[in-house]
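Working through the structure, step by step
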Amino acid sequence: MPYVNTKTLLDKANKENYGIPALNINNLEFLQSIIDAGKEEKSPVIIETSEGAIKYAGSGDAQRGARIFVDMVRAYADSVDIPVSLHLDHGKTFVIIMAAIKAGYGSVMIDASEHPFEENLEKTRRIVEIAHSVGVSVEAELGQLVGIEDNVDVKEEEATLVDPEEARQFVDESDVDFLAPAIGTSHGAFKFKGEARLDFDRLRAVKDSTGIPLVLHGASSVPDEIVKLAEEHGADFKGAKGVPSEILKQTVQFGINKVNTDTDLRMAFIAGLRETLAETPAEFDPRKYFKKPKEYVKNLIRERMRILGCSGKA
Ligand code: G3H
Ligand code: 13P
Ligand code: ZN
(Lines give C-alpha, C1' and ligand atoms only; values in the text may rest on other atoms or scores of the structure.)
(Ligands and ions follow the chains in the order given, each with its own letter.)
Protein backbone atom coordinates (compact mmCIF):
# COMPACT_ATOMS: atom_id res chain seq x y z
CA MET A 1 0.00 0.00 0.00
CA PRO A 2 1.13 3.57 -0.51
CA TYR A 3 3.22 5.82 1.56
CA VAL A 4 0.50 8.22 2.75
CA ASN A 5 0.07 11.62 4.35
CA THR A 6 -0.38 11.37 8.14
CA LYS A 7 -3.55 13.48 7.84
CA THR A 8 -5.31 10.70 5.90
CA LEU A 9 -4.66 8.31 8.79
CA LEU A 10 -5.52 10.71 11.59
CA ASP A 11 -8.71 12.11 10.03
CA LYS A 12 -10.04 8.55 9.79
CA ALA A 13 -8.95 7.79 13.37
CA ASN A 14 -10.66 10.99 14.55
CA LYS A 15 -13.88 10.13 12.74
CA GLU A 16 -13.94 6.54 14.00
CA ASN A 17 -12.54 7.37 17.45
CA TYR A 18 -9.38 5.26 17.76
CA GLY A 19 -5.71 5.99 18.40
CA ILE A 20 -2.64 5.17 16.31
CA PRO A 21 0.78 4.91 17.96
CA ALA A 22 3.32 7.28 16.37
CA LEU A 23 6.58 5.40 16.76
CA ASN A 24 10.02 6.99 16.88
CA ILE A 25 12.93 5.44 15.01
CA ASN A 26 16.63 6.14 14.72
CA ASN A 27 17.66 3.18 12.57
CA LEU A 28 16.59 0.28 10.36
CA GLU A 29 15.90 -2.29 13.09
CA PHE A 30 13.14 -0.33 14.81
CA LEU A 31 11.51 0.40 11.44
CA GLN A 32 11.46 -3.34 10.65
CA SER A 33 9.82 -4.15 13.99
CA ILE A 34 7.16 -1.46 13.47
CA ILE A 35 6.33 -2.56 9.92
CA ASP A 36 6.08 -6.20 11.04
CA ALA A 37 3.77 -5.21 13.92
CA GLY A 38 1.56 -3.18 11.56
CA LYS A 39 1.37 -6.06 9.09
CA GLU A 40 0.46 -8.60 11.75
CA GLU A 41 -2.15 -6.31 13.34
CA LYS A 42 -3.43 -4.98 9.98
CA SER A 43 -2.97 -1.53 11.44
CA PRO A 44 -2.05 1.81 9.88
CA VAL A 45 1.48 2.84 10.83
CA ILE A 46 2.91 6.26 11.73
CA ILE A 47 6.70 6.44 11.87
CA GLU A 48 8.33 9.54 13.32
CA THR A 49 11.85 10.85 13.69
CA SER A 50 13.15 13.58 15.96
CA GLU A 51 15.56 16.26 14.78
CA GLY A 52 18.23 14.34 16.69
CA ALA A 53 17.40 11.15 14.75
CA ILE A 54 17.69 13.01 11.44
CA LYS A 55 21.09 14.42 12.39
CA TYR A 56 22.19 10.98 13.60
CA ALA A 57 21.14 9.22 10.38
CA GLY A 58 22.79 11.89 8.23
CA SER A 59 25.97 11.96 10.36
CA GLY A 60 25.25 15.62 11.08
CA ASP A 61 23.76 16.50 7.67
CA ALA A 62 19.99 17.05 8.09
CA GLN A 63 19.19 16.96 4.35
CA ARG A 64 20.93 13.61 4.03
CA GLY A 65 19.33 12.24 7.22
CA ALA A 66 15.82 13.23 6.11
CA ARG A 67 16.36 11.65 2.67
CA ILE A 68 17.60 8.41 4.25
CA PHE A 69 14.45 8.10 6.39
CA VAL A 70 12.10 8.91 3.50
CA ASP A 71 13.82 6.35 1.26
CA MET A 72 13.80 3.66 3.97
CA VAL A 73 10.19 4.21 4.97
CA ARG A 74 8.96 4.46 1.37
CA ALA A 75 10.76 1.24 0.42
CA TYR A 76 8.96 -0.61 3.23
CA ALA A 77 5.62 1.10 2.56
CA ASP A 78 5.78 -0.03 -1.07
CA SER A 79 6.18 -3.64 0.00
CA VAL A 80 3.23 -3.96 2.40
CA ASP A 81 -0.55 -3.66 2.18
CA ILE A 82 -0.99 -1.33 5.15
CA PRO A 83 -0.77 2.49 4.92
CA VAL A 84 2.47 3.97 6.29
CA SER A 85 3.29 7.62 6.98
CA LEU A 86 6.42 9.50 8.07
CA HIS A 87 6.31 12.47 10.45
CA LEU A 88 8.89 14.92 11.84
CA ASP A 89 8.64 14.89 15.64
CA HIS A 90 9.34 18.08 17.67
CA GLY A 91 10.57 20.23 14.78
CA LYS A 92 12.15 23.28 16.33
CA THR A 93 14.68 24.31 13.71
CA PHE A 94 13.45 25.95 10.49
CA VAL A 95 16.25 24.33 8.46
CA ILE A 96 15.39 20.81 9.65
CA ILE A 97 11.65 21.29 9.13
CA MET A 98 12.39 22.43 5.57
CA ALA A 99 14.74 19.47 5.05
CA ALA A 100 11.96 17.08 6.09
CA ILE A 101 9.39 18.75 3.81
CA LYS A 102 11.81 18.78 0.89
CA ALA A 103 12.78 15.13 1.42
CA GLY A 104 9.14 13.99 1.34
CA TYR A 105 7.88 13.64 4.93
CA GLY A 106 4.06 13.51 4.96
CA SER A 107 3.77 15.70 8.05
CA VAL A 108 5.89 17.84 10.35
CA MET A 109 5.58 19.09 13.89
CA ILE A 110 6.45 22.70 14.62
CA ASP A 111 7.13 22.71 18.33
CA ALA A 112 7.24 26.32 19.48
CA SER A 113 5.47 25.46 22.72
CA GLU A 114 8.17 26.95 24.93
CA HIS A 115 7.37 30.41 23.50
CA PRO A 116 4.50 32.69 24.57
CA PHE A 117 1.13 32.01 22.88
CA GLU A 118 1.39 34.72 20.19
CA GLU A 119 4.90 33.69 19.19
CA ASN A 120 3.94 30.00 19.08
CA LEU A 121 0.95 30.95 16.88
CA GLU A 122 3.09 33.07 14.57
CA LYS A 123 5.78 30.39 14.12
CA THR A 124 3.12 27.72 13.57
CA ARG A 125 1.29 29.85 10.97
CA ARG A 126 4.49 30.33 9.03
CA ILE A 127 5.19 26.58 8.86
CA VAL A 128 1.55 25.75 8.04
CA GLU A 129 1.61 28.14 5.07
CA ILE A 130 4.74 26.56 3.62
CA ALA A 131 3.82 22.93 4.42
CA HIS A 132 0.24 23.17 3.13
CA SER A 133 1.45 24.70 -0.13
CA VAL A 134 3.17 21.38 -0.91
CA GLY A 135 0.56 19.04 0.63
CA VAL A 136 2.35 18.35 3.93
CA SER A 137 0.29 18.38 7.14
CA VAL A 138 1.32 20.04 10.41
CA GLU A 139 1.19 19.33 14.16
CA ALA A 140 1.75 21.97 16.85
CA GLU A 141 1.85 21.90 20.65
CA LEU A 142 0.16 24.06 23.28
CA GLY A 143 1.25 24.11 26.89
CA GLN A 144 4.42 22.45 28.08
CA LEU A 145 5.29 18.95 29.16
CA VAL A 146 7.09 18.41 32.42
CA GLY A 147 10.55 17.09 31.74
CA ILE A 148 12.91 17.30 28.81
CA GLU A 149 11.73 18.22 25.33
CA ASP A 150 14.41 17.57 22.74
CA ASN A 151 17.28 18.94 24.78
CA VAL A 152 15.40 21.91 26.27
CA ASP A 153 15.02 21.65 30.03
CA VAL A 154 11.51 22.59 31.12
CA LYS A 155 11.51 23.00 34.88
CA GLU A 156 8.64 21.36 36.66
CA GLU A 157 7.40 24.60 38.17
CA GLU A 158 7.27 26.25 34.74
CA ALA A 159 5.17 23.47 33.26
CA THR A 160 1.82 24.68 32.05
CA LEU A 161 -1.13 22.69 30.84
CA VAL A 162 -3.10 23.67 27.74
CA ASP A 163 -5.92 26.25 27.97
CA PRO A 164 -8.96 24.99 25.96
CA GLU A 165 -10.04 28.50 24.89
CA GLU A 166 -6.54 29.27 23.66
CA ALA A 167 -6.61 25.94 21.82
CA ARG A 168 -9.72 27.00 19.88
CA GLN A 169 -8.17 30.33 18.91
CA PHE A 170 -4.84 28.66 18.04
CA VAL A 171 -6.45 26.11 15.71
CA ASP A 172 -8.74 28.70 14.06
CA GLU A 173 -5.94 31.16 13.43
CA SER A 174 -3.13 28.78 12.49
CA ASP A 175 -5.07 26.22 10.39
CA VAL A 176 -2.89 23.53 11.98
CA ASP A 177 -3.97 19.92 11.25
CA PHE A 178 -3.24 18.20 14.59
CA LEU A 179 -2.75 19.61 18.06
CA ALA A 180 -0.73 18.26 21.00
CA PRO A 181 -2.32 19.59 24.22
CA ALA A 182 -0.20 19.33 27.38
CA ILE A 183 -2.38 17.41 29.86
CA GLY A 184 0.19 16.13 32.33
CA THR A 185 2.46 13.65 30.55
CA SER A 186 6.20 14.00 30.16
CA HIS A 187 8.84 12.41 27.99
CA GLY A 188 11.08 9.56 29.09
CA ALA A 189 10.91 6.67 31.54
CA PHE A 190 10.26 8.58 34.77
CA LYS A 191 6.92 10.29 34.28
CA PHE A 192 5.26 10.24 37.68
CA LYS A 193 6.63 10.27 41.20
CA GLY A 194 3.28 9.26 42.69
CA GLU A 195 0.20 7.89 41.01
CA ALA A 196 -0.20 8.42 37.25
CA ARG A 197 -2.85 11.05 36.60
CA LEU A 198 -3.78 13.12 33.54
CA ASP A 199 -6.18 16.04 33.17
CA PHE A 200 -9.07 14.38 31.29
CA ASP A 201 -11.46 17.33 31.74
CA ARG A 202 -8.98 19.58 30.02
CA LEU A 203 -8.53 17.03 27.22
CA ARG A 204 -12.29 16.76 26.66
CA ALA A 205 -12.61 20.55 26.61
CA VAL A 206 -9.82 20.85 24.01
CA LYS A 207 -11.50 18.22 21.84
CA ASP A 208 -14.83 20.02 22.11
CA SER A 209 -13.29 23.36 21.25
CA THR A 210 -11.15 22.20 18.30
CA GLY A 211 -12.58 18.95 16.87
CA ILE A 212 -9.29 18.09 15.16
CA PRO A 213 -7.06 15.02 15.73
CA LEU A 214 -5.22 15.39 19.05
CA VAL A 215 -1.78 14.08 19.94
CA LEU A 216 -0.54 12.66 23.24
CA HIS A 217 3.18 13.18 23.74
CA GLY A 218 5.05 11.25 26.40
CA ALA A 219 2.68 8.30 25.99
CA SER A 220 4.96 5.40 26.86
CA SER A 221 3.63 2.91 29.42
CA VAL A 222 7.02 1.66 30.63
CA PRO A 223 5.60 -1.85 31.25
CA ASP A 224 6.73 -3.49 34.50
CA GLU A 225 7.63 -6.77 32.79
CA ILE A 226 10.03 -5.00 30.40
CA VAL A 227 11.66 -3.05 33.24
CA LYS A 228 11.99 -6.27 35.24
CA LEU A 229 13.49 -8.22 32.36
CA ALA A 230 16.06 -5.50 31.63
CA GLU A 231 16.94 -5.24 35.33
CA GLU A 232 17.40 -9.02 35.58
CA HIS A 233 20.17 -8.56 33.03
CA GLY A 234 21.98 -5.64 34.57
CA ALA A 235 19.90 -2.54 33.77
CA ASP A 236 19.16 0.05 36.46
CA PHE A 237 15.75 1.65 35.83
CA LYS A 238 14.87 2.37 39.43
CA GLY A 239 11.78 4.59 39.73
CA ALA A 240 10.73 4.09 36.08
CA LYS A 241 7.02 4.76 35.59
CA GLY A 242 4.83 5.41 32.55
CA VAL A 243 1.21 6.01 31.55
CA PRO A 244 -0.75 2.82 32.34
CA SER A 245 -2.60 1.15 29.44
CA GLU A 246 -5.98 1.87 31.04
CA ILE A 247 -5.24 5.60 31.07
CA LEU A 248 -4.02 5.48 27.45
CA LYS A 249 -7.33 3.88 26.51
CA GLN A 250 -9.24 6.66 28.26
CA THR A 251 -7.28 9.38 26.47
CA VAL A 252 -8.39 7.83 23.19
CA GLN A 253 -12.02 7.85 24.37
CA PHE A 254 -11.64 11.56 25.12
CA GLY A 255 -10.16 12.49 21.75
CA ILE A 256 -6.50 11.49 21.42
CA ASN A 257 -5.73 9.98 17.99
CA LYS A 258 -1.91 10.07 17.71
CA VAL A 259 -0.06 8.43 20.57
CA ASN A 260 3.64 9.33 20.58
CA THR A 261 5.81 6.46 21.76
CA ASP A 262 9.57 6.24 21.87
CA THR A 263 10.73 5.23 25.37
CA ASP A 264 8.80 1.92 25.35
CA LEU A 265 10.48 0.83 22.12
CA ARG A 266 13.90 1.71 23.50
CA MET A 267 13.16 -0.18 26.74
CA ALA A 268 11.87 -3.30 24.96
CA PHE A 269 14.88 -3.30 22.66
CA ILE A 270 17.44 -2.95 25.43
CA ALA A 271 15.70 -5.67 27.49
CA GLY A 272 15.98 -8.08 24.54
CA LEU A 273 19.53 -7.07 23.79
CA ARG A 274 20.70 -7.48 27.39
CA GLU A 275 19.03 -10.86 27.59
CA THR A 276 20.62 -12.02 24.33
CA LEU A 277 24.09 -10.82 25.23
CA ALA A 278 23.85 -12.52 28.64
CA GLU A 279 22.62 -15.80 27.13
CA THR A 280 24.88 -15.97 24.07
CA PRO A 281 28.24 -14.47 25.05
CA ALA A 282 29.95 -15.86 21.95
CA GLU A 283 27.55 -14.18 19.49
CA PHE A 284 28.86 -11.28 17.42
CA ASP A 285 26.62 -11.23 14.33
CA PRO A 286 24.26 -8.21 14.65
CA ARG A 287 21.57 -9.95 12.57
CA LYS A 288 21.48 -12.60 15.29
CA TYR A 289 21.85 -10.53 18.44
CA PHE A 290 19.22 -8.04 17.19
CA LYS A 291 16.67 -10.84 16.65
CA LYS A 292 15.19 -10.94 20.17
CA PRO A 293 15.27 -7.13 20.71
CA LYS A 294 13.35 -6.68 17.45
CA GLU A 295 10.84 -9.35 18.48
CA TYR A 296 10.25 -7.62 21.84
CA VAL A 297 9.73 -4.25 20.15
CA LYS A 298 7.29 -5.79 17.67
CA ASN A 299 5.29 -7.54 20.42
CA LEU A 300 5.05 -4.36 22.48
CA ILE A 301 3.74 -2.42 19.48
CA ARG A 302 1.21 -5.13 18.60
CA GLU A 303 -0.21 -4.97 22.09
CA ARG A 304 -0.31 -1.16 22.00
CA MET A 305 -2.18 -1.21 18.67
CA ARG A 306 -4.84 -3.44 20.22
CA ILE A 307 -5.14 -1.16 23.26
CA LEU A 308 -5.53 1.96 21.13
CA GLY A 309 -8.03 0.32 18.80
CA CYS A 310 -6.18 0.65 15.48
CA SER A 311 -5.71 -3.10 14.91
CA GLY A 312 -7.69 -4.12 11.84
CA LYS A 313 -8.09 -0.48 10.70
CA ALA A 314 -5.60 -0.64 7.78
O1 G3H B 1 10.10 13.39 22.18
C2 G3H B 1 11.24 13.03 22.09
C3 G3H B 1 11.54 11.72 21.45
O4 G3H B 1 11.52 10.69 22.41
C5 G3H B 1 12.84 11.78 20.69
O6 G3H B 1 13.91 11.90 21.51
O7 G3H B 1 15.54 13.66 20.78
O8 G3H B 1 16.29 11.57 21.97
O9 G3H B 1 15.50 11.48 19.60
P10 G3H B 1 15.40 12.19 20.93
P1 13P C 1 7.81 8.80 25.44
O2 13P C 1 9.12 9.27 25.98
O3 13P C 1 6.79 8.65 26.50
O4 13P C 1 7.94 7.57 24.60
O5 13P C 1 7.26 9.98 24.47
C6 13P C 1 7.71 10.08 23.15
C7 13P C 1 7.24 11.32 22.49
O8 13P C 1 6.42 12.07 22.97
C9 13P C 1 7.84 11.63 21.18
O10 13P C 1 7.40 12.85 20.68
ZN1 ZN D 1 7.04 14.28 22.25
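Residues numbered from 1 in each chain as written. Chains lettered and ligands numbered in written order. Predicted model: local features only at pLDDT ≥ 70, side-chain atom pairs only at ≥ 80, totals over all residues. Heavy atoms only, no water.

1. Digging into the site of ligand 2
Rule in force here: Proximity criterion: a residue is near a molecule or strand once any of its heavy atoms comes within 4 Å of it. In short, Shrake-Rupley with a 1.4 Å probe defines the accessible areas, and a residue's cover is counted only from the protein chains shown. Helix and strand assignments come from DSSP, with helices taken as H or I runs of at least 4 residues and strands as E runs of at least 2, each series counted from the N terminus. Gly counts as polar in this scheme, as do all residues outside two lists: the nonpolar Ala, Val, Leu, Ile, Met, Phe, Trp, Tyr, Cys and Pro, and the charged Asp, Glu, Lys and Arg.
The environment of ligand 2 is made up of 15 residues, and the closest members are D89, K191, S220, D262 and T263. Alone, ligand 2 offers 310 Å² of accessible surface; in the complex the protein occludes 96% of this. Of all the secondary-structure elements, those providing two or more residues to the shell around ligand 2 are β3 (84-91) and β10 (256-261). When its residues are assigned to classes, the shell around ligand 2 shows one nonpolar, ten polar and four charged.

2. Remarks on the environment of E231
Here is the rule we go by: The classification of residues rests on relative accessible area computed with a 1.4 Å probe and restricted to protein chains. Under 20% of the type maximum is buried, over 50% is exposed, and intermediate values are partly exposed. Residues are treated as being in contact if the distance between any of their heavy atoms lies within 4.5 Å.
Examined against the element boundaries, E231 turns out to sit in helix α9 (residues 224-232). Residue class for E231 comes out partly exposed when judged on its relative accessible area of 33%. Separated by 43 residues in the primary sequence, E231 and R274 have C-alpha atoms spaced 9.1 Å apart. If we ignore the near neighbours within four places in the chain, the residues touching E231 are D236, F237 and K238.

3. As for the layout of surface pockets
If a probe as big as a water molecule is rolled over the atoms, it shows which places are left empty. To keep it simple, the criterion reads: Detection works on a 1 Å grid of protein atoms alone, calling trapped sets that fit a 1.4 Å probe cavities and calling open sets with protein on both sides within 12 Å along at least five of seven lines pockets, with lining residues defined by an atom within 4 Å of a point. Grid points are joined across faces, edges and corners, and a volume is the space filled by probe spheres set on the points.
Its volume calculated, the second largest pocket comes out at about 300 Å³. Of all elements in the fold, only α9 and α13 (291-308) reach the threshold of two or more residues within the lining of the second largest pocket. Partitioned by chemical class, the residues of the lining of the second largest pocket number eight nonpolar, four polar and five charged.

4. Considerations on the coordination of the zinc ion (ligand 3)
Test applied: Coordination partners: N, O, S within 2.8 Å of the metal, 3.2 Å for Na, K and Ca; water not considered, so apparent gaps in a site are possible.
Distances from the zinc ion (ligand 3) to its protein donors, H90 (NE2), H187 (NE2) and H217 (ND1), fall within 2.1 Å. Sequence spacing of the donors to the zinc ion (ligand 3): H-x96-H-x29-H. Linking H90 in strand β3 with H187 in the loop between β8 (178-181) and α8 (200-210), this pair joins segments that are 97 residues apart in sequence. Residue H90 is classed as buried on the basis of its relative accessible area, which comes to 3%.

5. Brief notes about the packing of helix α11 (residues 263-279) against α13
Our working rule: Working convention: axes come from line fits to C-alpha atoms, limited for helices to the stretch in contact. Angles between N-to-C directions cover 0 to 180 degrees. The handedness criterion is simple: a crossing whose near helix is rotated anticlockwise from the far helix by less than a right angle is left-handed, and one whose near helix is rotated clockwise is right-handed.
Contact pair α11 / α13: the axes reach a minimum separation of 7 Å and the direction vectors enclose 145°. In this structure, α11 crosses over α13, and the sense of that crossing is right-handed. Judged by residue contacts, D264, L265, A268, F269, A271, G272, L273, E275, T276 and E279 of α11 engage K292, P293, K294, Y296, V297, L300, I301 and R304 from α13. Per-class residue counts for the contact of α11 with α13 are ten nonpolar, two polar and six charged.

6. As for the nonpolar core
Which entries qualify depends on this criterion: To form a nonpolar core, buried Ala, Val, Leu, Ile, Met, Phe, Trp, Tyr and Cys residues must be joined to one another through side-chain atoms within 4.5 Å.
Counting 100 residues, the largest nonpolar core has I47, V84, Y105, V108 and L179 as its most contacted members. Once residues lying within four places of it in the same chain are set aside, the contact partners of V84 are P2, Y3, V4, I35, V45, I47, V73 and A77.

7. Quick look at unusual backbone geometry
Positioned with a positive phi, N17 is a non-glycine residue whose angle comes to about 60°. Tracing the chain through its elements places N17 in the loop between α1 (6-16) and β1 (20-24). The phi dihedral of H90 is positive, around 50°, even though this residue is not glycine.

8. Considerations on the packing of aromatic side chains
As a reminder of what qualifies: Note on aromatic contacts: the rings of Phe and Tyr and the six-membered ring of Trp form a pair at centre separations within 6.5 Å, being stacked when their planes are under 30 degrees apart, edge-to-face when over 60 apart, and tilted otherwise. Two conditions define a charge sitting above a ring: the NZ of Lys or the CZ of Arg must be within 6 Å of the ring centre, and it must be within 35 degrees of the ring normal.
If you walk through the whole model with that rule in mind, you get five aromatic pairs. Measuring from centroid to centroid gives 6.0 Å for F117 and F170, while their planes differ by 65°, and the two rings are edge-to-face. Separated by 53 residues along the polypeptide, F117 in helix α6 (residues 117-133) and F170 in helix α7 (residues 164-174) bring together distant segments of the chain. With respect to burial, F117 and F170 carry one shared label: buried. Measuring from ring centre to ring centre gives 5.1 Å for Y289 and F290, while their planes differ by 80°; the resulting arrangement is edge-to-face. Members of the aromatic cluster, each reached through a chain of ring pairs, are F30, F269, Y289 and F290. It is R126 that lies over the ring of F94; its NZ or CZ is 4.2 Å from the centre. Directly above the aromatic system of F254 lies the positively charged group of R204, at a separation of 4.5 Å from the ring centroid.

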